[in-house]
Amino acid sequence: MSLYSTQRLQSLRMIVTGGGTGGHTYPALTTVTTLQARLAATGVTPELLWVGVADGLEATIAVRHGIPFKAVTTGKLRRSTSPKDIARNVVDAFRIPLGIVQAAYTVARTRPAVVLSTGGFVSVPIGLAAALFRVPYLLHEQTLSLGLANRILARVATRILLSHEASLEHLPPKARQRAVVTGNPIRPAVLQGDPAKGLAAYGLDPAVPLVLVTGGASGAQQVNRMLAEALPGLLQHCQVVHQCGSLNHAEMQQVAANLPAHLAHRYRVVDFIHEELPDLLAAAAIVVARSGAGTVAELTALGKACVLIPYPYSAGGEQRITARHLTQQGAAVMLDGDEATADRLRDTINGLLADPGHRIALGRAAATHGRPDAADHVVTEILTAAAG
Ligand SMILES: CC(=O)N[C@H]1[C@@H](OP(=O)(O)OP(=O)(O)OC[C@H]2O[C@@H](n3ccc(=O)[nH]c3=O)[C@H](O)[C@@H]2O)O[C@H](CO)[C@@H](O)[C@@H]1O
């Protein structure tokens, strides 16, 4: 018997949990804002509680968006057998049961109509508590291969919301029956970029093709180094906006300062791109990026021609799995392993710049993997589950 069986959609009460990285936090936020907008049209204000880790990104994001936030203790199981990681696992072995007790108390006290989790270790105690109290529990996975937390939770989730069709084969056969492909919710603003604004914001020339290089939320050292070396051979054919992360910002500014004067005006480097990202995405002829889940969701929703350089150490190799999948479908070009060199990057970009037909084909194939309506789809699943 569900803990919450009455007054379902007069006042939707929901727990959302997920966080750690931006990749887990932002899809939850987009879902919440889409849900609020959908329900506002029917006069219902959802009662939300975001459960996360006190010092996680999710705490800041929830507070900034006026969403009530509750912290629970959580732990992480590390596969490494280094003495440091074994010691951390011992500490976390005590934190995990404490988190489960706190989570059970939170779910029992809140009595939600539905629980949504978007990954990260914080979702484990809440997902288990939801299952314990038989609250409809939706699990969302952003990456193509399932993260460890979600592999545990897939066993107890009422519904498994996937970002990629190809993720189905990563689920145990029994769990597949409870799965649906919704896509990964992306910020609506990403789909509404204005190329002219992006070019103007960076003082760029509309007559020269733009290549946008992004290393994901914190930048990517490997990509920065490859690009630094490739720049002189690239800037003769295009202009480049490069998001390098804060760690390498000073170093890359030095690279910019050392460029020959006739090329320097074609290169812009920033540590992070804020609200102008949609405009730059819209203006870019080619995007060079890490294949993080959020970035890939955005690039495919926009149908962008892209060169993906997967982060080699991502959990379970998920960035590589995603980039390889898209490349096999003709929806991206991947530079990985020995191919991830400055020369290959320069030649790949110059080759694409000289071949508009290839760029169009890549963009079209990418769009077939894009799900611009993912947030709406996830919200429909939430409302269906809440209505029981
Ligand atoms: C290094 C690492 O472990 N990365 C993981 C992390 O990625 P991470 O969170 O770094 O990257 P994602 O690609 O998932 O998301 C990046 C987000 O930041 C935005 N953005 C990026 C740069 C910028 O200047 N401005 C900006 O707004 C992008 O538009 C995107 O929305 O979580 C993802 C989802 O679990 C995983 O797939 C990645 O493997």
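If you're wondering where the values come from, they're calculated on a predicted model, not measured in any experiment.

### Structural notes on the UniProt feature "binding site: UDP-N-acetyl-alpha-D-glucosamine" (unreviewed entry) in the protein chain
Mapped onto this numbering, the UniProt entry gives "binding site: UDP-N-acetyl-alpha-D-glucosamine" (unreviewed entry) at Thr21, Gly22, Gly23, Arg187 and Gln319. Looking at the secondary structure, you find Gly22 in helix α1 (residues 22-40). When neighbours within four sequence positions are excluded, Gly22 is seen to be in contact with Pro27 and Leu57. Looking at where Arg187 falls in the secondary structure, it is placed in the loop between β7 (179-181) and α7 (195-201). Setting aside residues up to four positions removed in sequence, Arg187 forms contacts with Thr30, Leu277 and Glu298.

### A short note on the packing of α1 against helix α16 (residues 374-386)
The interhelical angle for the contact between α1 and α16, taken along N-to-C directions, is 70 degrees, at an axis separation of 9 Å. When the interaxial angle is binned, α1 and α16 end up roughly perpendicular. Note that α1 runs across α16; the crossing there is right-handed. Together, Thr30, Thr31, Thr34, Leu35, Arg38 and Leu39 of α1 and Ala375, Asp376, Val378, Val379, Thr380, Ile382 and Leu383 of α16 make up the contact between the two elements. For the contact of α1 with α16, the per-class residue count stands at seven nonpolar, four polar and two charged.

### Describing the side chain of Thr295
With respect to the helices, strands and loops of the structure, Thr295 is situated in helix α12 (residues 293-302). Discounting residues that sit within four places of it in the chain, Thr295 has contacts with Ala289 and Arg290.

### Side note on the packing of aromatic side chains
Counted by the stated rule, this structure contains one aromatic pair. A centroid spacing of 5.8 Å and a plane angle of 85 degrees characterise the contact between Tyr311 and Tyr313, whose relative ring orientation is edge-to-face.

### Some points on the domain arrangement of the protein chain
By domain assignment, the protein chain separates into domain 1 (13-186 + 372-386) and domain 2 (189-367). If you average the C-alpha positions of domain 1 and of domain 2, the two centres end up 30 Å apart. When the two sides are added together, the surface that domain 1 and domain 2 hide from each other amounts to roughly 920 Å², 79% of it contributed by carbon and sulfur. Considering only the side of domain 1, the residues that lose the most area to domain 2 are Leu144, Ile186 and Pro372, jointly responsible for 48% of the buried surface there. For the pair domain 1 and domain 2, the number of links is zero salt bridges. Linking domain 1 with domain 2 are zero residue pairs in polar contact (both at pLDDT 80 or more).

### Some details on the sheet that holds strand β10 (residues 267-270)
Strand order in the open sheet made by the six strands is β10-β9-β8-β11-β12-β13, with parallel pairing throughout. Sheet topology places β10 and β13 (333-334) at the edges, where each strand pairs with a single neighbour. One ladder, built from three bridges, connects strand β11 (residues 286-289) with strand β12 (residues 306-308); its direction is parallel. Across the sheet, Val288 pairs through a bridge with Val307, a residue of β12.

### Focus on the sheet that holds strand β3 (residues 69-71)
Whenever strands of a sheet pair, they do so through backbone hydrogen bonds, lying parallel or antiparallel. One open sheet holds the seven strands; their spatial order is β3-β2-β1-β4-β5-β6-β7, and the pairing between them is parallel. On the outer flanks of this sheet lie β3 and β7, each paired with one strand and no other. Averaged over all pairs of adjacent strands, the angle between their axes in this sheet comes to 20 degrees, without regard to strand direction. Sheet topology note: the strand β2 (residues 47-52)/β3 ladder contains three bridges and is parallel. Bridged to Trp50 within β3 is Phe69. Packing of α1 onto the sheet brings it into contact with β1 (13-17), β2 and β4 (114-117), and relative to β2 it is tilted by some 175 degrees.

### Re the pairing of strand β8 (residues 210-214)
Counting buried positions along β8 yields five of five residues, so the element is predominantly enclosed. Side chains of β8 alternate between two faces, with Leu210, Leu212 and Thr214 and Val211 and Val213 buried alike. Bridging between β8 and strand β9 (residues 239-243) involves five bridges; their strand directions are parallel. Considered in β9, the bridge of Val213 is made with His242.

### As for the site of the ligand
Near the ligand, the surroundings consist of 22 residues, among which Ile273, Thr295, Glu298, Glu318 and Gln319 are the closest. The separation between an oxygen atom of the ligand and a polar main-chain atom of Ala217 is 3.3 Å. The contact in question runs from an oxygen atom of the ligand to an N or O atom on the backbone of Ala293, over 2.9 Å. Broken down by secondary-structure element, the contributors of at least two residues to the shell around the ligand are α1, α12 and α13 (318-328). Considering only residue class, the shell around the ligand consists of six nonpolar, 13 polar and three charged. Counting residues domain by domain, the shell around the ligand receives three or more from each of domain 1 (13-186 + 372-386) and domain 2 (189-367).

Rules used in this analysis
Residues numbered from 1 in each chain as written. Predicted model: local features only at pLDDT ≥ 70, side-chain atom pairs only at ≥ 80, totals over all residues. Heavy atoms only, no water. UniProt positions renumbered as here; feature names shortened; annotations may be inferred. Helix = DSSP H or I, 4+ residues; strand = E, 2+ residues; numbered from the N terminus. Contact = heavy atoms within 4.5 Å. Axes fitted to C-alpha atoms, helices over the stretch in contact; angles between N-to-C directions. Parallel < 35°, antiparallel > 145°, perpendicular 65-115°, else oblique. Left-handed = near helix turned anticlockwise from the far one by under 90°. Nonpolar A, V, L, I, M, F, W, Y, C, P; charged D, E, K, R; others polar. Phe/Tyr/Trp six-rings, centres within 6.5 Å; stacked < 30°, edge-to-face > 60°. Domains from an automatic or database assignment. Buried area = accessible area lost by both parts, 1.4 Å probe. Salt bridge = Lys/Arg side-chain N within 4 Å of Asp/Glu carboxyl O. Polar contact = N/O pair within 3.5 Å; in protein donor to acceptor, adjacent residues only side chain to side chain. Pairing = 2+ DSSP bridges. Buried < 20%, exposed > 50% of the residue type's maximum accessible area, 1.4 Å probe, protein only. Near = heavy atom within 4 Å.

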